[in-house]
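# Survey of secondary and tertiary structure
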There are 4 protein chains.
Amino acid sequence: MTMPLINTEAPELEPAMWMNSANPLSLKALRGHVIAIHAFQMLCPGCVSHGIPQALKMNALFAEHGLVTLGLHTVFEHHDVITPEALKVFLHEYKIPFPVAVDRASRSGPIPITMQNYGLQGTPSLVLIDRNGLIRLNHFGRLDDMLVGKFIGQIASEEQPNTIPNQLSKNKDSQVADKAACDLHKCEINN
Amino acid sequence: MTMPLINTEAPELEPAMWMNSANPLSLKALRGHVIAIHAFQMLCPGCVSHGIPQALKMNALFAEHGLVTLGLHTVFEHHDVITPEALKVFLHEYKIPFPVAVDRASRSGPIPITMQNYGLQGTPSLVLIDRNGLIRLNHFGRLDDMLVGKFIGQIASEEQPNTIPNQLSKNKDSQVADKAACDLHKCEINN
Amino acid sequence: MTMPLINTEAPELEPAMWMNSANPLSLKALRGHVIAIHAFQMLCPGCVSHGIPQALKMNALFAEHGLVTLGLHTVFEHHDVITPEALKVFLHEYKIPFPVAVDRASRSGPIPITMQNYGLQGTPSLVLIDRNGLIRLNHFGRLDDMLVGKFIGQIASEEQPNTIPNQLSKNKDSQVADKAACDLHKCEINN
Amino acid sequence: MTMPLINTEAPELEPAMWMNSANPLSLKALRGHVIAIHAFQMLCPGCVSHGIPQALKMNALFAEHGLVTLGLHTVFEHHDVITPEALKVFLHEYKIPFPVAVDRASRSGPIPITMQNYGLQGTPSLVLIDRNGLIRLNHFGRLDDMLVGKFIGQIASEEQPNTIPNQLSKNKDSQVADKAACDLHKCEINN
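What counts, and at which threshold
- Residues numbered from 1 in each chain as written.
- Chains lettered and ligands numbered in written order.
- Predicted model: local features only at pLDDT ≥ 70, side-chain atom pairs only at ≥ 80, totals over all residues.
- Heavy atoms only, no water.
- Disulfide = S-S within 2.5 Å.
- Buried < 20%, exposed > 50% of the residue type's maximum accessible area, 1.4 Å probe, protein only.
- Pairing = 2+ DSSP bridges.
- Helix = DSSP H or I, 4+ residues; strand = E, 2+ residues; numbered from the N terminus.
- Axes fitted to C-alpha atoms, helices over the stretch in contact; angles between N-to-C directions.
- Contact = heavy atoms within 4.5 Å.
- Least-squares fit on C-alpha atoms with pLDDT ≥ 70 in both.
- Buried area = accessible area lost by both parts, 1.4 Å probe.
- Salt bridge = Lys/Arg side-chain N within 4 Å of Asp/Glu carboxyl O.
- Polar contact = N/O pair within 3.5 Å; in protein donor to acceptor, adjacent residues only side chain to side chain.
- Nonpolar A, V, L, I, M, F, W, Y, C, P; charged D, E, K, R; others polar.

### Some words on the state of the cysteines
Residue and element names in this part refer to chain B.
- Evaluation of the coordinates by the stated rule reveals four disulfides over all chains.
- At a sulfur-sulfur separation of 2.4 Å, the disulfide partner of C44 is C47. Taking the sign of the S-S torsion, 80° for the link of C44 and C47, the bridge is right-handed. No difference in accessibility class separates C44 from C47, as the two residues are buried.

### A word on the sheet that holds strand β2 (residues 35-40) of chain C
Residues and elements named next belong to chain C.
- Pairing is mixed in the open sheet, where six strands are placed in the order β1-β4-β3-β2-β5-β6. Only two strands of the sheet have a single neighbouring strand rather than two, namely β1 (15-19) and β6 (135-140). Strand-to-strand twist in this sheet, taken as the mean axis angle between neighbours without regard to direction, amounts to 20°.
- Bridge analysis of strand β5 (residues 125-129) against β6 gives five bridges, and the strand direction is antiparallel. Looking across to β6, one finds that L126 is bridged to H139.
- The strands touched by helix α1 (residues 45-62) within the sheet are β2, β3 (68-73) and β5, with β2 carrying the most contacts at an inclination of about 160°.

### Considering the relation of the copies chain A and chain D
- Structural alignment of chain A on chain D gives an RMSD of 0.0 Å, achieved by rotating through 180° and translating 0.0 Å along the axis. On this basis, the relationship between the two copies can be described by a two-fold rotation axis.

### Some words on the relation of the copies chain C and chain B
- Of the transformation superimposing chain C on chain B, the axial component is 0.0 Å and the angular component is 180°, with the fit at an RMSD of 0.0 Å.
- A share of 100% of the interface residues of chain C reappears at the interface of chain B, consistent with the copies meeting face to face through the same patch.

### Quick look at the environment of H38 of chain D
Residues and elements named next belong to chain D.
- Within the secondary structure, H38 sits in strand β2 (residues 35-40).
- C-alpha of H38 to C-alpha of G71: the two residues are 33 residues apart in sequence and 4.8 Å apart in space.
- Leave out the neighbours within four places in its chain, and H38 touches G51, Q54, A55, M58, T69, L70, G71, L72, S125 and L126.

### Let's talk about the interface of chain A and chain D
- On the side of chain D, 17 residues touch chain A, which itself brings 17 residues to the contact.
- The junction of chain A with chain D conceals about 1,400 Å² of combined surface from both sides, 75% of it contributed by carbon and sulfur atoms.
- It is F62, M146 and K150 of chain A in chain A that bury the most area against chain D; as a group they hold 40% of the surface buried on that side.
- Of the charged contacts in the structure, one is a salt bridge between K57 of chain A and D144 of chain D, with a shortest N-O distance of 2.8 Å.
- At the junction of chain A with chain D, the criterion picks out four residue pairs in polar contact (both at pLDDT 80 or more).
- At the level of secondary structure, the elements contributing two or more residues to the side of chain A that touches chain D comprise α1 (45-62) and α4 (145-157) of chain A.
- Class assignment of the residues belonging to the side of chain A that touches chain D gives a composition of six nonpolar, seven polar and four charged.

Put into structure tokens, the structure is as follows:
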């Protein structure tokens, strides 16, 4: 069983394509911002009733304060019917204004690449990345708005150091190993 | 502009296929039951947040008292991406237990056949048919649960006469004409 | 343990006073109307969050169709602090427009008179009385809006006979005995 | 018109009495904690439907992380009917576990003392005080849970300096003057 990647440098998203964005986005280029990634599937009821509205609210409340909200469409079942064209309609109908990365299918199984890299355990999942590029929250399932607000407030208050600590650059090169080493204690949600 | 068909005999549904039902269903064969038809599209936000939960509640509360709840998937935009296969996944994920008719595409325009016949003005729409096969409610948009309950209680209380009045059998043969003759006053929601 | 009075003639309310009504009201004088009585206490959380909003909605939706909505303030605990003056402020702040009967305290115990007569089991309780003066629903606790609507639609559809059946006039003179005779089966909510 | 006191040292509460607390509480003694004060009236609908549930949620989520939640019952109308005894029943029925200060009536007008000192503009109001005793939020009316969470996360992340800056000790002695000097810009909600 994979564990949620946490307290380590956020790996780059590896989408097959981007929607709502003229160009591909890079987490590295967004370094310095607090980033919220909402992983969802368009036919996941919990995503539609809870995850998407929460992402829209975060974007509406905090975009002007520097929060970058990104969607990550991580289809891990029913690949054949949930096409990018259907997703495009979904984004239009639900008036989703922020960029959405369409995760890249894996050749070895149903879990797409970025979902694997982050150790996401399903949808909806919320990932918060701090100004230094560290994953600070990696939560699967429903999370109360007040808690989400608290995490954002906390992370947004932190200073950005000038340099990324050594330990983090190291993680970057050993991402899979780190994830494999992730034990129960380290991977718990950091609240 | 089409007007909602009301106070006239409910035309048979003309779906391309049925889901959640081994055999095609006929309104005529269901005569004697109060029937609720929920017209929806799987990528319509109002349907997912309001119409579908209301249909599920109606079915849960009133099926044992004889109410027949049917879905009607009336795609009138984005036909190409909202496939029957995608709908099948949707019904599974949203745990929709009642039969769903997949409306038949029209050759002459985007509005599918049954949707045209009933004069539906969009999705979600709720149609209530009484024990005699008459359309008693044909409502487009959100309708409060208490009002829906009141209509069902009212219609379910009515006796079923032994014979369908002449006027109704006549309507059956002049369905399009009747609909065309429907004026603003007659087509208002009958509450 | 008292049982909810049901399927028998509704005894007159016996309030100490009325609010939002220039004159005392009589159920007998309202005969011919469907009547909804919402029993509540102003410091009962379930009443404030659910019962009162439901009563306001019923009144807003159905008053024009002949439904009479009445409040019944049945204080059965903390009599000393929940004064009529406090209730007056409550009705004002919550913008309650319908008449409210302030139930009369009993000399023999904490349960006020009308609450005893109806066999109410707590607050909020909803009592529905049909056009003939019969109690058709006597429900303690939360009831879904759709179910409330269904009961009202059902009862409102019924004809009012010219005369009250013998059995009912009899009940009228033996109200306490009838209540005492109320067994488990007869007193169940009639849905 | 009074302005909300903000960005200055929080004046001590001046209640007539405390409930849910064996001893009177002092903000000074709580210095080092983030403190949330919910000002409410028990017959204010917005307090009961929104403010109180939000205060209960804050307390449930963040008490273990050091947040101190306090109620402040600021009756500024209907003094005669909203007695401390009635409030005691209210706190019991709504299962409010945190200490509640019952604001002291003023001799010169309807606004009680602490409400005046903080420049509260009505109920519900939410005041957030940081670890140094500074008022950081003073908001009248409904505030989204996500925003409340963000303010708490932000304030809780801040270090507590060893000494209170001079400027603040000065404020302490000139509290009324400071409030009077409060202009439109400085008193805006600090979000």
